[in-house]
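Per-entry structural report
Residue strings, one per chain:
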Amino acid sequence: MRFWPKLAVAMLAAALCPPSMALAQSPPALPEAPIPYEALANPGAQRQNARPAPRPRRTAPAAASTAATPGVDPTALIGAGVTPIDPARLEAYLDGVIGSAMARDRIAGVTVSVVQNDQVIFKKGYGHASFSPRRAVDPDQTLFRIGSISKTFTWILLMNEIQAGRIRIDAPINLYLPEALQIRDQGFTQPIQVVHLLDHTPGFEDRILGQLMERDFDRERPMVQYLRQERPRRVREPGQFPTYSNYGVGLAGQALVYVSGRPFEDLVEQQITGPLGMARTTFREPHPPREGIPAAMAPSLARNLSEGFRWSPTGGFQTRPFEYLGHIAPAGAASSTAADMARYMIVLLNDGVYGTVAPEAAGTPGAAAPGSPLAIFSPTTARAFRTPLEPNADGINDWPHGFIAYPLPGGRKGYGHAGGTLSFSSNMVVAPDLDLGVFVSVNTENGAALALRLPAEVVAQFYGSAAAPPQDGSPDLRNLARLYQGHYLGTRRAYVGLERFVGFFLSGVSVEVTKDGRLMTRSLNGTQTWVPEGDPKAGRFVSTTGLERMVFDMAGGKASAFQGTYNDARFQRVGLWSQPPVLAWLAGFAALAAIATLIGLALRNRRDLRQTQIQSQASLVQTIQGVLWLLALGLFVSWGMGASDTAQVVFAWPGVRLILASACALVASVLNLLTLAALWKIWQGGRRLDSWPVTRKLAFTATTLIYGGFALVLFHWGALTPWSS
């Protein structure tokens, strides 16, 4: 589950409007089957009077005709100069783009829906939802895991409570949590407020491995228990800058449960999916009944769940186990179809309104009259989802009340959220000025790139781009290389233990300036080039391949940190000892020293064995160290080679090999303290004939210092804590 660096916190300045009466009504009866195209052909026609602020539409000029499509008015304009997309052209375009990506990136299945002008203009499934038995992806029937798009449902529920006055956005979150979950000070002076959860600035570390997702249902826990047992550390004062926090969203969801007295899954069904008729969207998961765990999803839905896949060059598509996320459901447990997500996008574009209240739902106390607008959230909330709590640099996501702000081609802005599990990648973007929404989800680990780029590509294809990505470097930037070059570490990581060790690798980004005056970033995600946007000293750069931007913070005459387009973490400049090349060089020296120690032991003759008692004991300790360091390095490398399957790393964390590697390194580091303490006695020696020669003393000292430096860096990285996983 993905996604978010800097939004300083601001509180809402005025009291929010009271919620619409429709929020308190009983949900209309759910449809028993997916809504077909024909039924959704023109919901806008029956909904125009219900819309809080209707966008003006006008007849298109004769020259701007589009192909006629059943249920779609090709002559209707969204706004001045914006012509709706021709569904036939859209289908041809998406067939080509998605087909090429599936073949190139080895994606098993994709589901897509596109809405515009209050209509579903496209929905389609590609590929397979399972191979045994074979099931094709059906946009109406097949449920995909949508990951962090789930958070948008949580934010709607939270904003409804804020507008109702039951939760205050500027209040400490502890006011709305049971005592067992209340956040301790942990040395910080400011309490974490509700607003900090909305913009991902609570100041938590981010822990994932071994607990965020489960493959064994027997390990599932109730949400309260999970949030209590897996509490992350606070690592900074709240409100400083965003660092994406699934745990923070879990707290928001639990606050909703505490205030309402109802399970989170019930809240979603009663306030969002039920009224909207999203019968194939659920936060429930397939599992046997168990006390304390929310009821399972309906069997009819479970039968239509897409499996998750990983592509292997040797084994083809490999089915992944189901990823249980119910213990932190508000952050990522939802499953949905493309058809249901089309309805959801129409609501987001329609300022919270969809259709009218069904007659069968109007008889309950407090319900709105039949035919009145069906409001899922208010116009005030709709504006909040497009308004940052505090504005950010242009082109950088400013977290408008939990949503992501996306830069789109042509200088436009979209809103929505991306989502990722171990196997599924999804994206949902709505562009209000185009009245356009795009949802896409893939069921294969390799498909993240397609999901992230498709909405912007649709906008670029049909509404053009303001300008081609810049390509030319800056001669001035070459002279400013020292300003930016260095290694940067992301804040979205664990801060202690073995997960800190892995996080140093996963979140690191190296920045350098090329000879042609471009900025180049290298990370495990690949290499990307950037050019200055304006004055190179200003620290603002734009990607040479798209719309992404990065903005540096300057301090002390050089860059201290940067944030990227999605603003899910701040990347802070770090010193020499936090850089992977330094660790690699020290590991290489330690391995050579250990091998040399063992070779010397085998080749040493009787005369070479003349030594004092201290030297004899120190030699034995250093020999043991050599064996332990070689074992540790071998186990670390072996674990790294087996970490290509991310699901295996997450589910099996930390694993026997990593624990043994850490334990061997820890013991070797402790033994190094003994050899360091013995150095003075080693050099003091005894009688000339009963002491080491100078060359061996030098070798012993050099080996001790190499081991010591390596141990210090491993300690700094968190690799010497086998008990902390």
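Below: a short report on this structure. Keep in mind that what you see is a predicted model, and the values were worked out from it rather than measured.

Here we take up the nonpolar core. Of all hydrophobic cores here, the largest spans 115 residues; its most connected members are Leu158, Phe264, Tyr344, Phe710 and Leu714. Tallying contributions element by element places helix α10 (residues 338–349) first for this core, with nine residues. Leave out the neighbours within four places in its chain, and Leu158 touches Ile167, Val194, Leu198, Ala252 and Leu256. If you look at the next biggest cluster of nonpolar residues, it comprises 37 residues, including Val82, Leu90, Val110 and Tyr126.

Moving on to the pairing of strand β18 (residues 540–543). Every regular strand shows the same layout, with side chains that alternate between the two sheet faces. Residues Arg540 and Val542 line one face of β18 and the alternating positions Phe541 and Ser543 line the opposite face, and both faces are buried. The sheet contact formed by strand β17 (residues 526–532) and β18 spans three bridges and is antiparallel. By the bridge assignment, Val531 is partnered in β18 with Val542. Direction of pairing for β18 relative to strand β19 (residues 549–555): antiparallel, over a ladder of three bridges. Counted as the bridge partner of Arg540 is Val551 from β19.

This next bit is on the sheet that holds β17. Sheet architecture is closed into a barrel: eight strands sit in the order β14-β15-β16-β17-β18-β19-β20-β21, paired in antiparallel fashion. Sheet twist, expressed as the mean angle between neighbouring strand axes with direction ignored, is 30 degrees. Both strand β14 (residues 486–490) and strand β21 (residues 570–574) contribute to a ladder of four bridges, which runs antiparallel. Counted as the bridge partner of His487 is Val574 from β21. Along the sheet face, helix α15 (residues 497–506) touches β14 and β15 (508–513) and points at about 30 degrees away from the line of β15.

Turning our attention to the environment of Phe715. Mapped onto the secondary structure, Phe715 falls in helix α20 (residues 694–717). For Phe715, a relative accessible area of 60% puts it in the exposed group.

An order of β3-β2-β1-β13-β12-β11-β10 is seen for the seven strands of this open sheet, with the pairing classed as antiparallel. Since the sheet does not close on itself, it has two edges, and those belong to β3 (134–136) and β10 (404–408), each with one partner. The average angle at which neighbouring strand axes cross in this sheet is 15 degrees, direction not considered. Bridge analysis of strand β2 (residues 119–131) against β3 gives three bridges, and the strand direction is antiparallel. In the sheet register, Ser130 faces β3, and the bridge partner there is Arg135. Across the face of the sheet, helix α2 (residues 87–105) comes into contact with β1 (109–116) and β2 while running at roughly 25 degrees to β2.

Below, the discussion takes up the packing of aromatic side chains. Counted by the stated rule, this structure contains 33 aromatic pairs. Each ring, one from Phe204 and one from Tyr247, has its centre 5.4 Å from the other, and the planes form 85 degrees; the classification is edge-to-face. With a gap of 43 residues between them, Phe204 in the loop between α4 (194–198) and α5 (223–229) and Tyr247 in helix α6 (residues 246–260) connect regions that are remote in the sequence. Judged by relative accessible area, which is 2%, Phe204 ranks as buried. Members of the aromatic cluster, each reached through a chain of ring pairs, are Tyr484, Tyr488, Phe541, Phe552, Phe562 and Phe571.

What follows is about the packing of helix α16 (residues 580–603) against α20. Interaxial distance between α16 and α20 falls to 9 Å at its minimum, and their mutual angle equals 140 degrees. Classified by the interaxial angle, the pair formed by α16 and α20 is oblique. Note that α16 runs across α20; the crossing there is left-handed. Residues Pro580, Leu583, Leu586, Ala587, Phe589, Ala590, Ala593, Ala594 and Thr597 of α16 touch α20, and the partners they reach there are Thr703, Ile706, Tyr707, Gly709, Phe710, Val713, Leu714 and Trp717.

A few words on unusual backbone geometry. A cis amide bond links Ser132 to the next residue, Pro133, at an omega of 0 degrees. Of note, Pro133 is situated in the loop between β2 and β3. In this model, Trp653 is joined to Pro654 through a cis peptide bond whose omega is -5 degrees. Its place among the elements puts Pro654 in the loop between α18 (646–652) and α19 (656–684). You will see that Asn117, though not glycine, has its phi angle at about 55 degrees, which is positive. Residue position: Asn117 is located in the loop between β1 and β2. When its relative accessible area of 8% is taken as the criterion, Asn117 is described as buried. A positive phi angle, close to 55 degrees, is found at His401, a residue other than glycine.

Once that is clear, we can look at the pattern of salt bridges. Oppositely charged side chains can pair when the atoms bearing their charge come close. Taken as a whole and assessed by the stated rule, the structure comprises 26 salt bridges. Between Arg207 and Glu230 there is a salt bridge whose closest N-O contact spans 3.2 Å. Placement of the pair is Arg207 in the loop between α4 and α5 and Glu230 in the loop between α5 and α6, with a sequence separation of 23 residues. A salt bridge links Glu445 to Arg310; its shortest N-O distance comes to 3.8 Å. Of this pair, Glu445 sits in the loop between β13 (436–442) and α12 (448–463) while Arg310 sits in strand β5 (residues 308–312); the two residues are 135 residues apart in sequence, bridging distant segments of the chain.

The rules behind these values
- Residues numbered from 1 in each chain as written.
- Predicted model: local features only at pLDDT ≥ 70, side-chain atom pairs only at ≥ 80, totals over all residues.
- Heavy atoms only, no water.
- Core = buried A, V, L, I, M, F, W, Y, C linked by side-chain atoms within 4.5 Å.
- Buried < 20%, exposed > 50% of the residue type's maximum accessible area, 1.4 Å probe, protein only.
- Helix = DSSP H or I, 4+ residues; strand = E, 2+ residues; numbered from the N terminus.
- Contact = heavy atoms within 4.5 Å.
- Pairing = 2+ DSSP bridges.
- Axes fitted to C-alpha atoms, helices over the stretch in contact; angles between N-to-C directions.
- Phe/Tyr/Trp six-rings, centres within 6.5 Å; stacked < 30°, edge-to-face > 60°.
- Parallel < 35°, antiparallel > 145°, perpendicular 65-115°, else oblique.
- Left-handed = near helix turned anticlockwise from the far one by under 90°.
- Salt bridge = Lys/Arg side-chain N within 4 Å of Asp/Glu carboxyl O.

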